[in-house]
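Reading the structure
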Amino acid sequence: MSVNWRNIGLFAAMGLVLVMVAAFQSWQLALTILNMSLISAIMALGVNMQWGYAGLFNVGIMGFTAVGGLAAVLIAMPPVNEAWAAGGLGAILGLMLGVATILAAVVVYKRMTPGRLRGMVIFAVIVVGWLVARFFFAPATQAIQAVNPASEGYLGGLGLPVILAWPVGAVFAAGAAWLVGKVSLGLRSDYLAIATLGISEIIIAILKHERWLARGVNNVTGIPRPVTRPVDLQPQPWVQDLAGRLGWSVSETASILSALGYSVLFVIVLAILIWLAEKALNSPWGRMMRAIRDNETAARAMGKDVTRRHLNIFVLGSAVCGLAGAMMVSLDGQLTPGSYEPLRFTFLIWVMVIVGGSGNNWGAVLGAFVIWFLWVQVEPAGRWLMEMVTSGMEPGSDLRRHLLDSASHMRLLTMGVALLLVLRFSPRGLIPEK
Amino acid sequence: MDPVSALVTLTNFVLIPGFAYGSQLALGALGITLIYSILRFSHFAHGDVMAFGTMVVIFTTWGFQAIGITGGGVIPTALLAIPVGIAVMIVYLLVADRLVYRFFRQVKAKPLTFVMASLGVMFVTNGLTRLFIGTSERRFEDGERFIFSVRDFREWTGLAEGLALRSSQAITIVTALLVMAALFWFLTRTKSGKSMRAYSDNEDLALLSGINPERVVTMTWMIVAGLVVIAGTLYGLDKGFRPINYFQLLLPMFAAAIVGGLGSPIGAIVGGFVVAFSEMGITYAWRRFFTHLMPEDMAPDSMLQLLPVDYKFAVTFAILVIVLIFRPTGIFRGKSI
Amino acid sequence: MADPYLIGDAMTGGYGGADILHDCTISVERGEIAVIVGPNGAGKSTAMKAVFGMLQLRKGMVRLDGTDITGLSPQARVRAGMGFVPQTGNIFPGMTVEENLEMGAFIRDDDISDTREQVFDLFPILRDKRAQAAGELSGGQRQQVAVGRALMTKPKVLMLDEPTAGVSPIVMDELFDRIIEVARTGIPILMVEQNARQALEIADKGFVMVQGRNRYTDTGKALLADPEVRKSFLGG
């Protein structure tokens, strides 16, 4: 592989920008941007696998990251024994009955001859199964939610190391993706988009309202972190020593060190993923995927099972998004279902992929950095701009207040304009596909 | 046993709201299906364009009220503001078309590129809406709140069960029916409408017949402007205006269009009602209905609600999945496979 | 010699890549039927499309009634009086027969009911099925809709690209009868045909094309009688 100075230059410029943030604003901000950029880069990698390698349009990224985040709660939080005693059995039984109902309906569908009778039997199976499952499930979940509702009221997790949640989050997302893909792949390309939009809304609805699972909109906070918290770093003699030598405050040093710890972990994950993705892209499998993307009909004629290949890559890409979702929750230390917004978690990732260069893994990573940087910085820039514009106005005027408030919405506008400009004038993105 | 009361409850809590919601979805889905059949892409900016158009109507309503033009306390002032909203949206959508979509038409871009571009338009529109009116809920209905209230109904009929018809619901249903009738008249009876159908049916032959595609596209955006402003205003009158709710209408609207058959106007309408009534029926607590129908000692003690209202998206999604599995072209055999 | 009514004169060109037509001449006189026949891939349809302006000519020109129309777009040629029925996708399947005819007359602003009646007289079956969606008709009826649609502009010349492709022999005979009737109303017809023998039987003039060039050009009768043509192109 020849050295591509242009791309290295682009990344170096991005690094320089972050260093400038550190120098002029603060190290904490620079590291916060860096860490979320790394997570966004992983999400963008996942989307790029689906879009860049296979031309699949996934509008459910939010759902896959959220379900990955759920894994962090289910793996790392300590189990709430009291809740398990109160209704754990009933909840599990209810869920299993629900699954059994679906399986029974599928069996009926496959075994019986088509006709009105079959339809009626399936309907009956579903209604009866549903009611029976609810009979066990509803009281059990109510009992669970009644256990110490202020801080618990849910089943808790397994109490395992939080790093384990990352691969588990990937598996969760893969499962959801498999279900959606099975239904909507092989049909029109737009249908996958609608179906993924739907599943992501449903996943968020479940996370918000099933309080027995992860406390819903009450949020789960205090999720164990893979990196020592700043509070625990502060008393360490070497941290105080370092702070003294750098001339920073101890708390500042500790939070920077903690954030750096995350950066290191995320960089390792990202590096492994890029290595695997590049390897896959240049393998016979990757060539086949691109051949399918470029001419589906020809690939089908050559006997390739296009739908099956698409399902593979869709599940893989979504799993990467789930992994990123779990990483994000372990960075924040909390799961807040109310904060999952499609504009932020689905469409922004799309802007990253398109701006970066779809089909190119490095492009997706660079796009994630650039767009996340803009996302964070456009708001203060907008506020600054609005303050300049409104500086002549009366301080108390309504218009001035409105304009200042509206600065926070500038970012959506900027993202939209960026996306449209790239699509129009540079559709191959910052780092085009090779 | 009291079947009349059962019917009254059902009408009050399922049929009337379902009809109103179904009309709103149908108008939205009609826009989606028109864009799909003429411009041949899934218009993801639809929800946000709807929000933007409604915002224009809200501002105009406030302006009208400020200068003393109102619906006379009978109809909401917003209805009078709709033409202004439509005019603004025609300009907005045509500018968007000239600046964004036309280029991709000229280079014959893939459908998904159009979808991406509509994402960009969605971002911009959403940003503009938030910039101008913010994200909080706005109510802008005025005039008479009820055609008849629960109390009126009880007094007339002497029944214990109540039934109310809100003005916004009645207006929604009537307006939607009028708009649909007008649209169908246009599509099947006028030369311009027929040329749109011809273009959607067979683009090349339409060109050969001398139909100007740019004119067809312009007409489509104009009609879509009318549909989104009317649908958005009706929805806002009925349920209040919040930009995020309009974005979330995207799923049920697309589901309605796909269930009916993408590209089929009649399918969009039927799909809208199918989605609306399914959502209503599955998230409604049927206890009261069945209490009236059964002997008193057999009254059900659970809520008989199949799913909590929070999961109405799941209902939409389930219908969508069923259609995709069993009849991917939709009820009315749209043009897609 | 006076110019034929419509002539593609010494046409050379292709779809951007290598030339498909080489110095190829196709023409039709007033009140006549001219057919283009030849083996698969001979460039028959391409020649017709060239006359209709659907591909760029490198050399040669197209004249309609003595006027040079080489630079006109297909749409402009329709307005100039040429009717064209493509081989596939030649109807609006979702629209009724009547609407198909109406769309055929889209560029006309005058009353079209007389022309519609004439089309219904030529193709009586269409009158019966006027309110039915064109896509629901049989193959032969669809072709009648397609020809009828092209006639709605009152063209001065009608061009048909393989009108009998994919229909049964009985339907094919009927279609040829109809085409003769159209020609009898005074409209010159230029058509490409796969079924060379039947086509030459009704043709006043025949063009036998091979590899984008004219091989034989003569009256239909003469070509049918020519032993070489019979041997090479008509199966003996």
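Use the structure listed above.
Everything in this summary refers to the structure shown in the same document. (Residues numbered from 1 in each chain as written. Chains lettered and ligands numbered in written order. Predicted model: local features only at pLDDT ≥ 70, side-chain atom pairs only at ≥ 80, totals over all residues. Heavy atoms only, no water.)

This brings us to the overall build of chain A. Each helix and strand counted, chain A has 18 helices and 0 strands in total. Computed over its C-alpha atoms, the radius of gyration of chain A comes to 24 Å, within 12% of the 22 Å expected for a compact globule of 434 residues. Referenced to the eigenvectors of the C-alpha coordinate spread, the extents of chain A come out at roughly 75 × 60 × 50 Å. By the burial criterion, 51% of the 434 residues in chain A qualify as buried. A separation threshold of at least 6 residues defines the contact pool for chain A, and within that pool the share at least 24 residues apart is 81%. (Helix = DSSP H or I, 4+ residues; strand = E, 2+ residues; numbered from the N terminus. Rg over C-alpha atoms; globule rule 2.2 N^0.38 Å. Buried < 20%, exposed > 50% of the residue type's maximum accessible area, 1.4 Å probe, protein only. Contact = heavy atoms within 4.5 Å.)

One turn of an α-helix holds 3.6 residues; hence residues three or four places apart share an orientation. For helix α7 (residues 189–209) of chain A, with 21 residues, the first-to-last C-alpha span of 31 Å sits near the 30 Å given by 1.5 Å per residue. A large share of α7 of chain A lies buried, amounting to 17 of its 21 residues. (Expected span 1.5 Å × (residues − 1).)

In this section: the interface of chain C and chain B. In this assembly, 23 residues from chain C lie in contact with 15 residues from chain B. When chain C packs against chain B, close to 1,600 Å² is buried across both sides, 59% of that on carbon and sulfur atoms. At the boundary of chain C and chain B, one finds 3 salt bridges. Its salt-bridge partner being Arg-197 of chain B, residue Glu-99 of chain C comes within 2.8 Å of it at the nearest N-O pair. Counting across the interface, chain C meets chain B through 10 residue pairs in polar contact (both at pLDDT 80 or more). For the side of chain C that touches chain B, the secondary structure elements donating two or more residues are α2 (74–80) and α3 (97–104) of chain C. With 4 residues, α2 of chain C is the single largest residue contributor to the side of chain C that touches chain B. A breakdown of the residues in the side of chain C that touches chain B according to their chemical character gives 13 nonpolar, 4 polar and 6 charged. (Buried area = accessible area lost by both parts, 1.4 Å probe. Salt bridge = Lys/Arg side-chain N within 4 Å of Asp/Glu carboxyl O. Polar contact = N/O pair within 3.5 Å; in protein donor to acceptor, adjacent residues only side chain to side chain. Nonpolar A, V, L, I, M, F, W, Y, C, P; charged D, E, K, R; others polar.)

The next point concerns the sheet that holds strand β4 (residues 57–64) of chain C. Whether parallel or antiparallel, the strands of a sheet pair through hydrogen bonds between backbone atoms. Residue and element names in this part refer to chain C. The strand order β2-β1-β4-β5 describes an open sheet built from 4 strands, whose pairing is antiparallel. Edge positions in the sheet fall to β2 (21–28) and β5 (67–68), since each has one partner strand and no second. Pairing of strand β1 (residues 6–13) with β2, which is carried by 5 bridges, proceeds in the antiparallel orientation. Looking across to β2, one finds that Met-11 is bridged to Cys-24. Contacts from helix α1 (residues 44–52) reach β1, β2 and β4 within the one sheet, and its direction differs from that of β2 by about 70°. (Pairing = 2+ DSSP bridges. Axes fitted to C-alpha atoms, helices over the stretch in contact; angles between N-to-C directions.)

Turning to the sheet that holds strand β6 (residues 82–85) of chain C, a few remarks are in order. Residue and element names in this part refer to chain C. Read from one edge to the other, the open sheet built from 6 strands follows the order β6-β7-β8-β3-β9-β10, with strand pairing classed as mixed. With partners counted over all chains shown, the strands left at the sheet margins are β6 and β10 (213–219), one partner each. Within this sheet the neighbouring strands show an average axis-to-axis angle of 15°, counted without direction. Pairing analysis gives 4 bridges linking β6 to strand β7 (residues 157–161), with the strands arranged parallel. Within β7, the position partnered with Met-82 by the bridge is Val-157. Across the sheet, helix α6 (residues 139–151) touches β6 and β7, and the angle it forms with β6 is around 160°.

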